[in-house]
Amino acid sequence: MHRRNTSIRILLFALPLLYLAALFIVPLINLFRMSLADPSLSKTKAQGWTLANFGNVLLDPVVIDAMITTFRIGVFVTLLALLIGYPISLFLTRTRSRWRGVLLALTLAPIFISIVVRSYGWIVLLSKRGVINSILLQLGVTSQPLHLIFNEFGIIIGTAHVLLPFMVLSVMGSLQVIEPSLESAAVSLGARPWRVFRDIIWPLSLPGVGAGILLVFILAISTFVTPMLLGGQVVMTLPILAFQQFTSVFNWVEGSTVIVFLLVSVVIVSIIYERALRRKLSTVDLSRIK
Amino acid sequence: MNIDHPAFRAVIVAIFAFILAPIVVVIAASVSTTNYVSFPPSGFTLRWFVELVTIQIYVDALQYSFVVAVITTLISLAVGTWVALLLRSTQKGRALLQTLFLSPILLPEIALGIGLLQYFSMIGFVRGMIATILAHSIICTPYVIRSVAAVATRLKVSLEESALVLGARPLRVLRDVTIPLLKPGLIGGAVMAFLISFDNVTISMFLAAPGAITLPALLFNQAAESGLNTSLAAISALLVFFTIAVIVLMSWLVGLDKFFAATASSK
Amino acid sequence: MLMSENQTQMLSAIPRPYLELRSVTKSYGGTLAVNDINLSVAEGECLSLLGPSGCGKTTLLRLIAGLAEADAGDIICGGKRIDGIKPYARGFGVVFQDYALFPHMTVAKNIGYGLKIRKYPTAQIQSDVANALAKVGLTGMEDRYPHQLSGGQQQRVALARAIVTEPTLLLLDEPLGALDKNLREDMQVELRAIQRRLGLTTILVTHDQEEAMTLSDRVAVMSRGRIEQIGTPRDVYQRPSNSFVAKFLGTSNLLNAKILAKETGNLILDVQGLQFHIATESEFAQQGDTVTVSIRPESVKVAAAGDPRGFRAYVVGYLFQGHRALAVFRTSDGAEIRAFISSTSQALSEGDEVSVQLTGEACVVLAETTSDMPEQKMR
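Residues numbered from 1 in each chain as written. Chains lettered and ligands numbered in written order. Predicted model: local features only at pLDDT ≥ 70, side-chain atom pairs only at ≥ 80, totals over all residues.

Brief notes about the overall build of chain C
And then number 1: From N to C terminus, chain C includes 9 helices and 20 strands.
And then number 2: Within chain C, the fraction of its 379 residues that count as buried is 42%.
And then number 3: Sequence-distant contacts, at least 24 apart, represent 66% of the contacts inside chain C between residues at least 6 apart. (Helix = DSSP H or I, 4+ residues; strand = E, 2+ residues; numbered from the N terminus. Buried ≥ 20, exposed ≤ 12 C-beta atoms within 10 Å, placed from the backbone. Contact = placed C-beta atoms within 7 Å.)

Some words on the overall build of chain B
And then number 1: When you go through chain B residue by residue, the secondary structure sums to 12 helices and 0 strands.
And then number 2: Mapped in sequence order, the helices and strands of chain B form the string α-α-α-α-α-α-α-α-α-α-α-α.
And then number 3: In terms of overall dimensions, chain B has C-alpha extents of about 70 × 60 × 30 Å along its principal axes.
And then number 4: When each of the 267 residues of chain B is scored for burial, the buried share is 49%.
And then number 5: Here the analysis covers contacts within chain B between residues at least 6 apart in sequence; of these, 75% occur between residues at least 24 apart.

Observations regarding the pairing of strand S10 (residues 226-231) of chain C
Residue and element names in this part refer to chain C.
And then number 1: Most of S10 is tucked away: 6 of the 6 residues are buried.
And then number 2: By the bridge criterion, 5 bridges tie strand S9 (residues 218-223) to S10 in an arrangement that is antiparallel. Its bridge partner being in S10, Val 219 is matched across the sheet by Gly 231. (Pairing = 2+ DSSP bridges.)

Things to note about the packing of helix H3 (residues 107-117) of chain C against helix H4 (residues 122-135) of chain C
In a pair of packed helices, the angle between the axes and the distance between the axes together describe the arrangement.
All names here are of chain C.
And then number 1: Where H3 meets H4, the axes come as close as 9 Å, and the angle between the chain directions of the two elements is 125 degrees. Between H3 and H4, the angle falls in the class oblique. Handedness of the H3/H4 crossing: right-handed. Across the interface between the two elements, Ala 108, Ile 111, Gly 112, Leu 115 and Lys 116 of H3 pack against Ile 125, Asp 128, Val 129 and Ala 132 of H4.
And then number 2: Within the contact of H3 with H4, the residues separate by chemical class into 6 nonpolar, 1 polar and 2 charged. (Axes fitted to C-alpha atoms, helices over the stretch in contact; angles between N-to-C directions. Parallel < 35°, antiparallel > 145°, perpendicular 65-115°, else oblique. Left-handed = near helix turned anticlockwise from the far one by under 90°. Nonpolar A, V, L, I, M, F, W, Y, C, P; charged D, E, K, R; others polar.)

Regarding the interface of chain B and chain A
Often the size quoted for an interface is simply the accessible area lost on bringing the parts together.
And then number 1: At the junction of the two partners, chain B supplies 64 residues and chain A supplies 73 residues.
And then number 2: Elements that contribute at least two residues to the side of chain B that touches chain A include exactly helix H1 (6-29), helix H3 (56-88), helix H5 (109-122), helix H6 (129-152), helix H8 (170-199), helix H10 (215-226), helix H11 (230-253) and helix H12 (256-263) of chain B.
And then number 3: Per element, the largest residue contribution to the side of chain B that touches chain A is 13 residues, and it comes from H1(B).
And then number 4: Taken together, the residues that form the side of chain B that touches chain A break down as 50 nonpolar, 10 polar and 4 charged.

Describing the sheet that holds strand S17 (residues 324-330) of chain C
Residue and element names in this part refer to chain C.
And then number 1: Read from one edge of the open sheet, 5 strands run S15-S19-S16-S17-S18, paired in antiparallel fashion. Single-partner strands in this sheet number two, and they are strand S15 (301-304) and strand S18 (336-342). Strand after strand, the sheet turns through a mean of 45 degrees between neighbouring axes, direction not considered.
And then number 2: By the bridge criterion, 4 bridges tie strand S16 (residues 311-320) to strand S19 (residues 353-357) in an arrangement that is antiparallel. Looking at the pairing, Phe 311 lines up with Val 356 of S19.

A look at the nonpolar core
And then number 1: Within the largest apolar cluster, 264 residues are counted, with the highest numbers of intra-cluster contacts made by A:Tyr120, A:Leu163, A:Val216, A:Ile259, C:Leu171, C:Ala220 and C:Val293.
And then number 2: Among all residues touching A:Tyr120, those that are not within four sequence positions of it are B:Val26, B:Ala223, B:Leu228, B:Leu232, B:Ala233 and B:Ser236. (Core = buried A, V, L, I, M, F, W, Y, C linked by C-beta atoms within 7 Å.)

Some details on the sheet that holds S9(C)
Residues and elements named next belong to chain C.
And then number 1: Taken in spatial order, the 6 strands make up an open sheet running S6-S7-S8-S3-S9-S10, and their pairing is mixed. Edge positions in the open sheet fall to strand S6 (93-95) and S10, since each of these has one partner strand only. Direction aside, the axes of adjacent strands within the sheet are offset by 15 degrees on average.
And then number 2: When strand S7 (residues 169-173) meets strand S8 (residues 201-206), the two strands line up parallel, connected through 5 bridges. Looking at S8, one finds that Asp 173 is bridged to Val 205.
And then number 3: Where helix H5 (residues 151-163) meets the sheet, it contacts S6 and S7, and its direction lies at approximately 165 degrees from that of S6.

Quick notes on helix H7 (residues 157-165) of chain B
And then number 1: In terms of burial, H7(B) is a largely internal element, 7 of the 9 residues being buried.
And then number 2: By the burial criterion, the buried members of H7(B) are B:Leu159, B:Glu160, B:Glu161, B:Ser162, B:Ala163, B:Leu164 and B:Val165.
And then number 3: Close packing links the buried residues of H7(B) with H8 of chain B together with helix H2 (57-65) and S6 of chain C.
And then number 4: Positive backbone phi, approximately 115 degrees, marks B:Gly167, located one or two places after H7(B).

Considering the pairing of strand S2 (residues 31-42) of chain C
And then number 1: Sheet analysis places strand S1 (residues 17-28) of chain C next to S2(C), joined by 8 bridges and oriented antiparallel. Among the inter-strand pairings, C:Val24 is bridged to a residue of S2(C), identified as C:Ile37.

Digging into the confidence of the model for chain B
It should be kept in mind that the predicted coordinates are not to be read in detail where pLDDT is low.
And then number 1: Confidence in the prediction for chain B averages 87 pLDDT; 92% of positions are at 70 or higher.
And then number 2: Looking across chain B, the model is least confident in H12(B), with a mean pLDDT of 55, and most confident in H7(B), with 94. (pLDDT = per-residue confidence, 0-100.)

Digging into the confidence of the model for chain C
All names here are of chain C.
And then number 1: Summing up the model confidence of chain C, the mean pLDDT is 85 and the portion of residues at 70 or higher is 92%.
And then number 2: Here helix H1 (residues 3-11) is the element of chain C with the lowest mean pLDDT, 46, and strand S3 (residues 46-50) is the one with the highest, 95.
And then number 3: Between residues 1-13, whose pLDDT stays under 50, and residues either more than four places distant or in other chains, the model counts 29 contacts.
And then number 4: Taken as a whole, residues 369-379 scores under 50 in pLDDT and shows 17 contacts with residues more than four places along the chain or in a different chain.
And then number 5: In the predicted assembly, ipTM is 0.86 and pTM is 0.81.

Quick notes on the environment of C:Arg196
And then number 1: Following the sequence through the fold, C:Arg196 ends up in helix H6 (residues 181-198).
And then number 2: With 108 residues separating them along the chain, C:Arg196 and C:Ala304 place their C-alpha atoms 47 Å apart.

Some words on the environment of A:Ser134
Residues and elements named next belong to chain A.
And then number 1: You can see Ser 134 is positioned in helix H6 (residues 131-139).
And then number 2: Taking the C-beta count within 10 Å as the criterion, Ser 134 has 17 such neighbours and is therefore assigned partly exposed.
And then number 3: In the structure, Ser 134 is positioned 121 residues away from Phe 13 in sequence and 59 Å away in space, judged by C-alpha atoms.

Some remarks on unusual backbone geometry
Residue and element names in this part refer to chain C.
And then number 1: Unlike most non-glycine residues, Arg 224 shows phi in positive territory, near 50 degrees.
And then number 2: By the element assignment, Arg 224 lies in the loop between S9 and S10.
And then number 3: Here Arg 224 falls in the partly exposed class, since 18 other C-beta atoms lie within 10 Å of it.
And then number 4: At Gln 272, a residue that is not glycine, the phi angle is positive and equals roughly 55 degrees.
And then number 5: By the secondary structure assignment, Gln 272 is in the loop between strand S12 (266-271) and strand S13 (274-279).
And then number 6: Residue Gln 272 is classed as partly exposed on the basis of its C-beta count, with 19 C-beta atoms lying within 10 Å.

What follows is the structure, encoded as structure tokens:
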């Protein structure tokens, strides 16, 4: 009887697994295959085998430049998202306002509003004749419009805006688990608000902060739409580079190599997080205690 | 920690302004009488909205997006619910299988888009509606799985066992007890799948074909080629209203906090 | 009296056992949840499976219901082996611990569910549901939803749902566990009445010994996958076969006794210097051995210090409990004895000396575990 149960189970899993394999696993394998193909034989079909691509592509100064730009943007986006997201998470976790639900929805709903729309918004806000510049000029703060968009700055702002909800969700996850009685205990022992934050809240929120940083960083280096729209064709990130390889240069082998590099970076960053930071954060991991 | 401190409050207000600014600005810009986007909008007119109906490519793209989203949702619901229920009754290897089925959203979307583009062309599968639907379903199904699983784990097994001992065969139990009680998860998952498919840009772009392009992908192309104009702002405004309407509808059906609880992601 | 007598009672032909379990065994991931269980239940009888959590009683119930499959052994119902029959084909009524009422169906739909599956005509379903509601005292509640009912009402709806299909066997998993004390006592009376009236063969799982004794005709005390003792409530309470049963059912005093002499059917024991004889059919105890005797606190007699019919002990605790008082004594060598004494007699103070009296009729010599007993076999 047990044997029959197991084979039924395997059969039931087979259909979705096949679906996943056909539309996800196999294409990814193919992607890796392409990065190992010989571009001199064909630029768009997988022919031949070579490891040279990685050397050629990854040592190409243009590509290296794109890598640096991409990771730099990733770091700044993550910092900005953390800076903005942490206070909001704190507020949403602690507020007893009856508008809490609405405010939470307002914070998270942008996930479902098209990224193109949000990017448009930033264009209107940050361009030379845009809202911010108009206000600054009128108030006399600046005499000339600032170059706020179609450069890295614009990308960082726009991407941070897009990825903010993910940071908020992550941090909230940790903050919600902290019992209010811990704060009360600290206060009763004489701690002022800043110390309560520094000694109690911040350390206990680290797991969520860590997870949020990882998530946002990975999404930031992989994002494509926002850098394209807000980068004004002058900023070159890895995804944009890959995109060009596929749509204008038609060197699919090279494009695949770039994407594989990106994928591997994502995996490496995840692993580093798991190994290195997990230890640091586990001492304050509340979920273990509970 | 006093969160009612006025300085903190000011910071929060500023942050919310930051969150909402781009969206508000786009909507405001869509009523400007000028063709180029300006803010504050000069004048007020709804003519751009009216004109949209006459611009064929937008109408086509909207229709296309809608059809793709609906079919994607149906596929994702079916596969996602199936997987969620299977995972629920599996002990061995559940964590591994769970990660496996959720992995499409853990990897960069551009990798999937490019991967599918190459793969489809390699096997001679034509780009277009079916390809787009299949691709969308891969990234939408994990959301359905999460949404349904969130409800399924709280579904007491004794309810299904009750039905069994009362004489119902397994399929009947599914129909009479399991699915009805999974409704909140199904609805939440369906809405998420729909919105994610509808809003998708990257994958849709790679798999678009002449005449078969989604609205967001079209908007992206237009902005990238010729920059922003008020018509584009008008469509964007419509998209925003549409999204808000869907979310409001869903919160009325299922409840806001359940919806966002299922949205919460954790790696 | 020893286990062998209970054993005989168990082995002796239950005239026509309705349900029989033969050498039923089930493990979960390496642990034996149910270990070679033999059991037979007569038609119309109410049997309790009583034991602490983890003893296997719920697993056993699920095996009978068909919700789990035994690794070995047979389950026979009405003369036929039902092991391979799926739970939806067994026709048993089950009440789960959490009631498991379908939250999206009304009370009437819940109760009528089993009938709907059997494709009864609507009119009949309606009248059967009304009858069932009347039997459990909930007439008129047809259109309520489970979340609108109190715990006691939900429990009765769950019961109605289980019996409306006229099952041949009723299985109850901790039916009264979630109710508060007063409600529980009322429900115990009602449940017993319903079961008697319907003459339904019932198996009840509980960790509450009071419940087991109130509701059942026989009690099977379980521990770690085995049945330690099975018998009428009076039997298992007054004649526990081993220290587990003695300790699980009510409070018990366990004292060391030395066997001074052994005659057929009789042992002469020495407990704390007090000598008395006790009727027994022991086969293993020999003269000179030390065994454990159990005596219930209510059977311990306390007399004034110096009374020669008892042994000396000192008061170490006295708790007034309302209708009675619990006194705790200690002998000079440290043995502890608890006794219930009338709350109207004079209160005792710490340090007081008393004379503790035991009689042979009130004591039971215990085997340590079932493994000390001769092998159980089902004929």
